Amino acid sequence: MKKVAVVVTVLFASFLYAIGGLPFQIEGKFNYNMLSNAGGVQDLDANVMNIGINAVLPVFMGLKARLDVIGFEMYTVKPEVGDESTTNTFSLNLLSGGDLMYCFPVPTFNPYLFMGLGVANVSPEVGDAITSFKVRAGVGGGYSLPTVSFFLEAGYEMFDSGIEGAESEGTILIGAGARF
């Protein structure tokens, strides 16, 4: 079922973009995030890699809205000292959040600020499903060519792990991608 949802979403977004004249850009993005307090456990580190497709819509002048349309995420918890096991969790995220971006009016090189909200629902094989709410902010810069713009961005994200009594998790965000 998830594969069908991915294919339908990608085909629908491609169709909308292909008919031309639409006021938004498609963004392909790769994120690498470094977590502290993973799963709400003090000083337990983890890495998250996310590949996604976003829609970027102009709002007013330099202000744009970025909607996280679809993403595939791999969450890896690093073992504690002396423990050789690594835990990997995979998830598919549909319409999981968005950002407001302010793009400074500089030709060719495009610096911007972003701030956004997100939500994630994790359904582990054992235990109850957990809903996590996120707040993120950061900076980015892009280089524009006639049909594509490449970008790099960095930021910080805080979110509640959804586990009662657990501490909030903090994430350093590092992202790169292209806008068409």
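Up top you'll find the structure we're talking about.
Reading guide: rules and limits
- Residues numbered from 1 in each chain as written.
- Predicted model: local features only at pLDDT ≥ 70, side-chain atom pairs only at ≥ 80, totals over all residues.
- Heavy atoms only, no water.
- Salt bridge = Lys/Arg side-chain N within 4 Å of Asp/Glu carboxyl O.
- Helix = DSSP H or I, 4+ residues; strand = E, 2+ residues; numbered from the N terminus.
- Buried < 20%, exposed > 50% of the residue type's maximum accessible area, 1.4 Å probe, protein only.

1. Description of the pattern of salt bridges
And step 1. Summed over all chains, the structure comprises eight salt bridges.
And step 2. E27 serves as the salt-bridge partner of R179, at 2.6 Å between the closest nitrogen and oxygen. You can see R179 sitting in strand β8 (residues 169-179) and its partner E27 sitting in strand β1 (residues 25-36), a full 152 residues away along the chain.
And step 3. We note a salt bridge from R66 to D99, for which the minimum N-O separation is 2.9 Å. Of this pair, R66 sits in strand β3 (residues 63-77) while D99 sits in strand β4 (residues 87-103), placing them 33 residues apart in sequence.
And step 4. R66 sits in the buried class, given a relative accessible area of 1%.
And step 5. Where salt bridges share partners, they join E27, K29, R66, D68, D99, R136, E153, E157 and R179 into one cluster.

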